[in-house]
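If you want the building blocks of each chain, they are given just below.
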Amino acid sequence: MKFAYKFSNLLGAVYRQGNLSFSKDGNAVISPVGNRVSVFDLKNNTSETLPVSTTKNITCVGLSPDGNLAVVVDEDGAALLVSLVTRAVLHHFHFHKPVNSIRFSPDGRRFVVTKDSVALMYHAPGKQREYNAFVLDKSYYGPYDETTCIDWTDDSKCFVVGSKDMSTWVFGAERWANLLYYSLGGHKDVIVGCFFEKNSLDLYTVSQDGTLCVWESDTELDGLVLKKSLGEPKPQRKGGDEEEEEEEEMGDTTEGEVIRGKAGAPKEKEETKNVRFTQRSKHFFNKQGDFNNLTAAAYHKPSHILVTGFASGVFHLHELPEFNLIHSLSISDQRIASVAINGSGDWIGFGCSGKGQLLVWEWQSESYVFKQQGHFNNMASLAYSPDGQYVATGGDDGKVKVWNTNSGLCFVTFTEHTSSVTKVTFTSSGFVIVSASLDGTVRAFDLHRYRNFRTFTSPRPAQFSSLAVDVSGELVSAGAQDSFEIFLWSMQTGRLLEVLGGHEGPVSCLCFSPVQSILASASWDRTIRLWDMLDSWQVKETIPLTADGLSVTYRPDGQELAVATLNGEISFWDPHTATQTRSVDGRHDLETGRKETDKITAKQSAKGKSFTTLCYSADGESVLAGGQSKFVCIYNVKEQMLMKKFEISCNLSFDAMEEFLDRRKMTEFGSLALVDEGAGDGDGVNISLPGVRRGDMSSRHFKPEIRVSSLRFSPTGRSWAATTTEGLLVYSLDGSLVFDPYDLDLDVTPASIRKQLRLQEWASAIVLAFRLNEKALKQEVLETIPHTQIPVVCGSLPDIYVEKLLGFVASSLEKSGHLQFYMTWAQSLLMLHGQKLKNRSAAILPTLQALQKSIQRHFDNLSKLCDFNMYNIRYATALSKQRGVKRAAEEDVVKEEEEDEEQSEEMSVASLEDADLIL
């Protein structure tokens with residue numbers, strides 16, 4: 001078992017807060033998810049989470065015009081410069097204050113950051129070699145309150161900044177003689193968006209109360225003149241500062257009223273003609289009063305389309321400057337937090353932070369391009385399908401979602417449960433998902449027709465907290481947390497078969513043996529009971545524990561049982577003899593943090609923590625353990641020692657992340673975190689009273705506590721997943737970090753392997769390559785061997801290398817384009833060594849499942865392509881037949897006309913002959 005696992009993807013959450021961005025080609029959406037950034041490829045329908053993370057939740061992302069760089073800023077103002085090409089962090093920077101927005105100039109040479117009431121312009125990194133990537137160019141002052149939004153002119157000469165003080169400020173990126181700054185009023189609420197017209201200084205401003213102001217400039221962009229290009233320098237006045245000179249140069253307009261500069265202005269200024277703005281028109285979105293606050297806006301300059309999102313989940317499309325409504329649609333019942341338009345103007349991205357929704361809408365065809373939503377509450381459980389292709393998750397929002405591990409996207413959501421889902425599991429066939437809930441039902445869902453085809457209930461209402469399905473998929477068992485009973489149902493009939501009593505405390509976990517019809521149940525009564533399903537459901541063994549049982553799981557071969565107890569211990573038992581074989585004390589490995597409201601230290605609170613979820617690795621050599629902590633531990637069962645600890649998150653926006661409280665938040669009256677600051681003032685999640693939609697003065701917020709609720713290893717053995725407060729985290733095996741030679745010797749070198757290839761000693765070359773165990777070299781050797789020699793080489797391989805080669809073929813088949821070549825390898829290995837492999841099927845099960853997953857994936861992709869081609873061919877043949885029929889009909893018509901003409905000619909000739917005879 002190797003432990004070179006690294007974070008590969010974040011599932012279960014697609015958007016939290018911050019601004020959405022489209023890539024340069026417009027085919028991908030870049031979405032901030034907590035303290036990470038996910039990239040959703042809309043063309044290939046896949047998702048990827050960048051391997052970078054900040055220390056707090058991300059609030060804004062700035063994308064360079066060429067699409068190669070991104071500046072990611074979190075709640076505290078800590079920024080990362082990330083390369084979207086190499087997925088690496090290039091630079092760290094701290095703005096020391098929360099940043100409201102960030103925007104690159106269209107030429108990519110500068111970017112502007114707004115924090116507090118200041119706009120800061122920096123030289124953009126990457127254009128030249130420099131020691132400091134973030135070089136401050138200018139600071140712009142003007143607004144009296146926080147700045148909210150930014151937009152640039154197309155030639156990067158000016159930018160505009162909107163503010164919470166209801167004003168909009170136009171600044172010059174260079175020191176223009178006729179435009180240093182210009183202030184615009186006309187609004188009665190916070191500015192949500194400000195946008196320049198294409199190749200013009202004309203601009204639009206949108207405020208939170210649903211007002212749009214159209215401003216017209218009397219100067220074109222080419223009319224801006226640099227100060228240094230003027231003839232004579234301006235005389236300095238004593239006691240006068242630069243701000244007074246700027247005020248004298250620039251005007252200030254409110255509600256269309258223009259205030260001119262002073263009459264005593266120098267002649268130079270009259271010649272250069274200062275830039276003036278006038279209000280051309282004013283429009284209102286909510287004339288009928290059917291919409292509340294405007295929350296997000298975006299403008300596409302080439303097509304003059306303005307998109308506005310509202311707190312009610314409605315969005316509008318208007319054509320400017322005439323303000324013609326194109327269409328209006330409600331896409332959610334939550335506030336639209338962010339709007340973005342791609343470069344072509346066809347797709348519009350919407351982010352709703354309330355329920356974690358991410359939508360991409362094609363406005364011309366009025367259809368969804370992309371629609372995803374994560375669990376908007378905590379995820380409680382997860383399960384892998386037998387082939388490792390799908391992951392099912394259940395959450396506190398009562399939903400069961402199924403995710404594709406290859407694409408990272410959810411493809412079906414079941415909403416039948418009315419309360420929190422506590423457990424989910426797949427049957428052995430992989431086409432049925434069973435879920436248990438606190439609403440008193442256990443439901444079975446069909447993945448063929450996407451429907452709830454069985455609902456299991458108990459005679460008396462019970463809240464089910466544990467669930468298990470046997471290997472055959474016929475028996476479904478669920479444990480109740482209030483009646484201390486275990487219920488057994490038949491999957492075929494849906495009838496209740498038996499109620500198993502005997503536990504004296506809530507049943508915390510259930511697990512069926514993979515090889516026998518034996519059910520293991522863990523309870524708070526400090527016992528593990530083994531129930532024989534074949535012998536009238538009698539108790540076969542009762543195993544006493546030292547503390548309350550929290551989790552129980554069987555090893556994949558069914559020969560060992562692992563139990564996690566309340567005292568932080570993991571014990572291992574032989575299920576046949578009911579004797580304890582090993583134990584691991586893992587309390588000190590949890591390393592829990594101190595919550596802001598805790599009265600005791602983290603060291604003291606750790607004494608009450610324990611592992612709440614366990615999972616064996618695919619080969620059964622190790623066990624994964626997690627609980628109320630930010631760490632997931634991997635223990636080697638045989639050695640009874642900790643092999644590795646994974647820190648699942650470094651996000652300080654969660655509670656219980658740090659061991660010690662921040663001294664800066666401590667006062668003589670206690671921690672500032674204990675002071676209720678009202679709604680919206682903290683970094684946590686807002687919770688309002690039931691039934692209240694707006695104006696709730698009693699809403700309160702909390703900081704979610706970091707914890708791991710469920711762990712599962714993929715049946716292929718190449719990845720494992722954890723449901724956490726942050727989402728569904730997937731860790732995959734990183735082959736690039738492992739150099740693990742097998743039976744290495746001095747003569748095993750790349751040169752000797754390539755020499756064997758030149759001599760056409762194929763079997764010897766494969767053996768040497770697998771002894772060195774370098775992936776690139778193994779691939780080179782395999783792809784050098786002629787396909788006609790594959791059966792011969794497979795027949796002459798030693799048995800120990802057959803399994804290794806089969807595992808390598810399974811992993812290569814997943815990503816390689818040489819489909820038939822690797823399928824020939826797999827077929828030859830299975831045909832020639834099938835019986836020997838069958839005898840060791842338990843040991844090589846992860847390899848076989850990985851091979852099945854790869855083949856199934858290619859089968860699905862090719863079947864879709866073949867179906868598409870087949871339908872196209874049918875359409876083409878039908879079209880050609882239709883055209884042939886039309887052509888035949890036309891030819892028939894032509895023939896009939898010709899025959900008619902011939903007949904008429906014959907008749908005319910005959911009539912002439914008759915006339916001659918009469919004469």
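As the structure is a prediction and not an experimental result, all values here were calculated from the model.

### A word on the overall build of the protein chain
Scanning the protein chain from N- to C-terminus turns up 11 helices and 62 strands. Within the protein chain, contacts between residues separated by at least 24 positions form 49% of all contacts whose residues are at least 6 apart in sequence. With the model as given, the accessible surface of the protein chain reaches about 43,600 Å², and the carbon-plus-sulfur share is 50%.

### A look at the UniProt feature "repeat: WD" (unreviewed entry) in the protein chain
UniProt records the feature "repeat: WD" (unreviewed entry) at residues 184-216, 372-413, 414-455 and 500-533, using the numbering of this structure. In residues 184-216, helix accounts for 0% and strand for 55%; the two terminal C-alpha atoms are 11 Å from one another. For residues 500-533, the helix share is 0%, the strand share is 56%, and the end-to-end C-alpha distance is 11 Å.

### Side note on the pairing of strand β53 (residues 622-627)
In terms of residue burial, β53 counts as a mostly covered element, since six of its six residues are buried. Going residue by residue along β53, you find Ser622, Leu624 and Gly626 tucked away on one face and Val623, Ala625 and Gly627 tucked away on the opposite face as well. Summarising the sheet, strand β52 (residues 611-616) and β53 pair through five bridges and their orientation is antiparallel. Considered in β53, the bridge of threonine 613 is made with glycine 626. Hairpin connection, β52 to β53: the antiparallel pair is bridged by five residues, and glycine 620 has positive phi, about 80°. Relative to strand β54 (residues 631-636), β53 runs antiparallel, the two sharing five bridges. Looking at β54, one finds that alanine 625 is bridged to cysteine 633.

### Quick word on the sheet that holds strand β47 (residues 538-544)
With antiparallel pairing, the four strands of this open sheet are ordered in space as β44-β45-β46-β47. If you trace the sheet from one side to the other, it starts and ends with β44 (507-512) and β47, each paired once. Taking each pair of neighbouring strands and ignoring which way they run, the sheet shows an average axis angle of 20°.

### Considering the side chain of serine 23
If you trace the backbone, serine 23 turns up in the loop between β2 (21-22) and β3 (28-33). Within the structure, the side chain of serine 23 is placed 2.6 Å from the side chain of aspartate 25, a separation counted as a polar contact. Excluding its chain neighbours within four sequence positions, the residues that come into contact with serine 23 are Ala28 and Leu63.

### Quick look at the sheet that holds strand β24 (residues 294-300)
The strands making up a sheet are joined through hydrogen bonds of the backbone, oriented either antiparallel or parallel. Reading across from one edge, β24-β25-β26-β27 is the order of the four strands in this open sheet, with antiparallel pairing throughout. Two strands in the sheet have a free side with no partner beyond their single neighbour: β24 and β27 (324-330). Averaged over all pairs of adjacent strands, the angle between strand axes in this sheet comes to 15°, irrespective of strand direction. Across six bridges, the pairing between β24 and strand β25 (residues 305-310) is antiparallel.

### Points about a negative patch on the surface
Together, Glu890, Glu891, Asp892, Glu896, Glu897, Glu898, Glu899, Asp900, Glu901 and Glu902 make up a region of like negative charge exposed at the surface. Judged by its relative accessible area of 46%, glutamate 899 falls in the partly exposed class.

### Quick word on the packing of helix α6 (residues 762-772) against helix α9 (residues 799-815)
Packing of α6 against α9 leaves a shortest axis separation of 11 Å and a crossing angle of 75°. When the axes of α6 and α9 are compared, the pair comes out roughly perpendicular. Across the interface between the two elements, Val767, Phe770 and Arg771 from α6 touch Tyr801, Lys804, Leu805 and Phe808 from α9. Classifying every residue of the contact of α6 with α9 gives five nonpolar, no polar and two charged.

### Brief notes about the nonpolar core
Counting 36 residues, the largest nonpolar core has Ile753, Ile766, Val781, Leu782, Leu805, Val809 and Trp825 as its most contacted members. Within the residue set of this core, elements represented by two or more residues are α5 (750-758), α6, α7 (775-784), α8 (790-795), α9, α10 (819-839) and α11 (845-918). Setting aside its immediate chain neighbours within four residues, valine 781 contacts Ile753, Leu757, Ala765, Ile766 and Ala769. Residues Leu10, Val33, Val708 and Leu711 belong to the second largest nonpolar core, which totals 21 residues.

Conventions we followed
- In this numbering scheme, every chain counts its residues from 1 along its sequence in written order.
- Reporting in this predicted model follows two pLDDT cut-offs: at least 70 for local features of residues, and 80 or more for side-chain atom pairs to be given and counted; totals over whole chains, interfaces and linings ignore these cut-offs and use all residues.
- Computation of side-chain values: all heavy atoms of the structure, hydrogens and water removed.
- Note on conventions: DSSP H or I runs of at least 4 residues are helices, E runs of at least 2 residues are strands, and numbering of each starts at the N terminus.
- Throughout, a residue-residue contact means that at least one pair of heavy atoms, one from each residue, lies within 4.5 Å.
- Working definition of accessibility: Shrake-Rupley area with a 1.4 Å probe, residue cover restricted to the visible protein chains.
- UniProt positions are given in the numbering used here, feature names are shortened, and annotations may be inferred rather than shown by experiment.
- The buried label applies to any residue whose accessible area, calculated with a 1.4 Å probe on protein chains only, is under 20% of its type's maximum; exposed applies above 50%, and partly exposed to all values in between.
- For two strands to be treated as a pair, DSSP must find at least two bridges joining them.
- Under this scheme, a helix contributes an axis fitted over its contacting stretch, all axes are lines through C-alpha atoms, and angles between N-to-C directions fall in the 0 to 180 degree range.
- For this analysis, a polar contact is any N or O atom pair within 3.5 Å, provided that within protein one partner can donate a hydrogen and the other can accept it, and provided that sequence-adjacent residues contribute only side-chain to side-chain pairs.
- Patch definition: residues with relative accessible area over 30% and no salt bridge; like charges joined within 9 Å; nonpolar side chains (Val, Leu, Ile, Met, Phe, Trp, Tyr) joined within 5 Å.
- The rule for a salt bridge is simple: a side-chain nitrogen of Lys or Arg has to be within 4 Å of a carboxyl oxygen of Asp or Glu.
- Residues scored as positive are Lys and Arg, those scored as negative are Asp and Glu, and His as well as the terminal groups of each chain are ignored.
- To locate a charge, take atom NZ for lysine, CZ for arginine, CG for aspartate or CD for glutamate.
- An angle below 35 degrees is read as roughly parallel, one above 145 as roughly antiparallel, one from 65 to 115 as roughly perpendicular, and any other as oblique.
- Residues are sorted three ways: Asp, Glu, Lys and Arg are charged, Ala, Val, Leu, Ile, Met, Phe, Trp, Tyr, Cys and Pro are nonpolar, and all the rest, Gly among them, are polar.
- What is meant by a nonpolar core is a set of buried Ala, Val, Leu, Ile, Met, Phe, Trp, Tyr and Cys residues, joined one to another through side-chain atoms within 4.5 Å.

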